[in-house]
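Close look at the chain arrangement
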Amino acid sequence: MDTKALRQLSYGLYVVTTVCDGKMNGQIADAVMQITGGERPTVAVSLNNNNYTRELAAKSRLLGISVLADGMDRELIAHFGMQSGRDIDKFAAYPPDGVDEQGVPYFTDERFCAWMTGRVIEEMPMGTHTIFVVEITEGETLCGKPLIYADYLAAKRAPEPAKKAAKGGMRCTVCGHIEYGEMGPDYKCPLCGMGPEVFEPVAAEAEPVAAPAGQTGGMRCTLCGYVEQGEMGPDYQCPVCGMGREVFEPVG
Ligand SMILES: Cc1cc2nc3c(=O)[nH]c(=O)nc-3n(C[C@H](O)[C@H](O)[C@H](O)COP(=O)(O)O)c2cc1C
């Protein structure tokens, strides 16, 4: 079975939000699809059981979806998609642009092209994940085109050859881009738009680690870059971004 075939399915990328007893949280998800249309449109959202967003949404039965636009803000994706709201208040750094009638937060700035919110009407356990069916009651179309998940993955992989050849460049700590040229005070990372302050020199130990003779070189998560050297059973989940082993590929 070639699990990479699944990467050819088309998705967008979303900040999935919720609120429960006044506590707001949100996470990145690609696993979102419309199920029905008409007067009461429904959307399915698949959330990992370990995620704080899933825990809160299961209690409040409220969910929102802010649709990421084409510009690809990697800092925002890392903020909502590679750390848990159990450890930080994600909305402290990214205050929502609005909340719906139930208090579910959403975003309307230029990084988003639409938002929608509603109530959970069905919940289906699915192994490591829970599928929430949301009846959409509020929403708005904004400017711009939606970000395509496959484009996000392709752009994330693009700097890899440069990383391997890197000697003496400066690495963006947000997206991994390596800059070899001049970086003036107004410099902006061509991938994520961050300034020189988030760059650090490429250290020798940051080079990819060669596989010990006769052993595997590990498996790299194509979403967050984490390298797993240990066993990866069927229920394995990336300790950084929570994704399953199907998004991992061999190092090297
Ligand atoms: C590009 C990308 C796509 C993701 N897609 C999903 C997804 O579809 N479903 C999911 O449950 N987690 C997905 N995640 C992982 C969660 O966003 C991540 O585990 C997050 O830290 C959970 O935060 P929370 O514990 O605050 O809810 C994705 C992460 C990234 C970076």
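Before any of the text, the structure's been laid out above.
Please read these numbers as outputs of a predicted model, since none were measured by experiment.

Further remarks concern the overall build of the protein chain. From N to C terminus, the protein chain includes 5 helices and 15 strands. Put simply, of all contacts in the protein chain between residues at least 6 apart along the chain, 62% involve residues at least 24 apart.

Attention shifts here to the sheet that holds strand S8 (residues 112-126). Taken together, 7 strands build an open sheet; the order of strands is S2-S1-S5-S8-S9-S4-S3 and the sheet is antiparallel. Edge strands, defined here as strands with exactly one partner in the open sheet, are strand S2 (23-29) and strand S3 (32-36). Averaged over neighbouring strand pairs, the angle between their axes works out to 35° when direction is ignored. In this structure, strand S5 (residues 62-68) lies alongside S8, joined through 7 bridges in antiparallel fashion. Note on S8: the bridge partner recorded for Val-67 is Ala-114. Here helix H1 (residues 52-60) sits on the sheet and contacts strand S1 (14-20), S2, strand S4 (42-48), S5, S8 and strand S9 (129-141); the angle it forms with S1, its principal contact strand, is near 50°. Helix H2 (residues 74-81) contacts S1 and S2 of the sheet and is inclined by roughly 120° relative to S2.

For Thr-3, the position within the fold is in the segment before S1. Under the C-beta neighbour-count criterion, Thr-3 is labelled exposed, with 12 such atoms within 10 Å. Along the chain, Thr-3 and Arg-245 lie 242 residues apart, while their C-alpha atoms are 9.5 Å from each other.

This part covers the site of the ligand. Around the ligand, the surrounding shell holds 25 residues, and the nearest of these are Thr-53, Gly-81, Ser-84, Gly-85 and Gly-242. Breaking the shell around the ligand down by element, the ones donating at least two residues are S2, S4, H1 and H2. Here the shell around the ligand is composed, by residue class, of 12 nonpolar, 11 polar and 2 charged. When residues are assigned to domains, the shell around the ligand turns out to be shared by domain 1 (3-149) and domain 2 (208-252), each giving three or more.

Here we take up the nonpolar core. Membership of the largest hydrophobic core comes to 37 residues, with the highest contact counts inside it found for Tyr-14, Val-45 and Ile-65. Once you skip the residues sitting within four places of it in the chain, Val-45 turns out to touch Val-16, Ala-29, Ala-31, Val-32, Leu-63, Ile-65, Phe-132 and Val-134. With 8 residues, the next largest nonpolar core counts Cys-175, Ile-178, Cys-192 and Phe-199 among its residues.

Two faces make up the sheet, and in a regular strand the side chains alternate between them. Sheet topology note: the S8/S9 ladder contains 12 bridges and is antiparallel. Its bridge partner being in S9, Pro-125 is matched across the sheet by Thr-130. Two successive antiparallel strands, S8 and S9, enclose a turn made up of 2 residues, where Gly-127 displays a positive phi of approximately 65°.

To continue, consider the sheet that holds strand S15 (residues 248-250). One open sheet holds the 3 strands; their spatial order is S14-S13-S15, and the pairing between them is antiparallel. Edge positions in the sheet fall to strand S14 (227-228) and S15, since each of these pairs with one other strand and no more. With 2 bridges connecting them, strand S13 (residues 219-221) and S14 associate as antiparallel partners. The residue bridging Arg-220 from the neighbouring strand is Val-227, located in S14.

It is worth spelling out H1 at this point. For H1, the full list of buried residues reads Thr-53, Arg-54, Leu-56 and Ala-57. The buried side chains of H1 occupy one side of the element, clustering within an arc of 165° when seen end-on. Those residues of H1 that are buried lie in contact with S1, S2, S4, S5, S8 and S9. Arg-61 sits one or two residues past H1 and shows a positive phi near 60°.

Every second residue of S4 is oriented toward a common face, the buried set being Val-43, Val-45 and Leu-47 and the non-buried set Thr-42, Ala-44, Ser-46 and Asn-48. Two strands pair when backbone bridges link them, and S3 and S4 are joined in this way by 4 bridges, in the antiparallel orientation. Residue pairing for S4: Met-33 is matched across the bridge by Ala-44. Where S3 hands over to S4, the hairpin turn is made up of 5 residues, of which Gly-38 adopts a positive phi near 75°. Judged from the 7 bridges that link them, S4 and S9 form a sheet pairing that is antiparallel. Within the sheet, the bridge partner assigned to Leu-47 lies in S9 and is Thr-130.

Parameters at a glance
Residues numbered from 1 in each chain as written. Predicted model: local features only at pLDDT ≥ 70, side-chain atom pairs only at ≥ 80, totals over all residues. Helix = DSSP H or I, 4+ residues; strand = E, 2+ residues; numbered from the N terminus. Contact = placed C-beta atoms within 7 Å. Pairing = 2+ DSSP bridges. Axes fitted to C-alpha atoms, helices over the stretch in contact; angles between N-to-C directions. Buried ≥ 20, exposed ≤ 12 C-beta atoms within 10 Å, placed from the backbone. Near = placed C-beta within 6 Å. Nonpolar A, V, L, I, M, F, W, Y, C, P; charged D, E, K, R; others polar. Domains from an automatic or database assignment. Core = buried A, V, L, I, M, F, W, Y, C linked by C-beta atoms within 7 Å. Arc of directions from axis to C-beta.

So, to be careful, I would describe these as geometric facts and stop short of saying anything about function.
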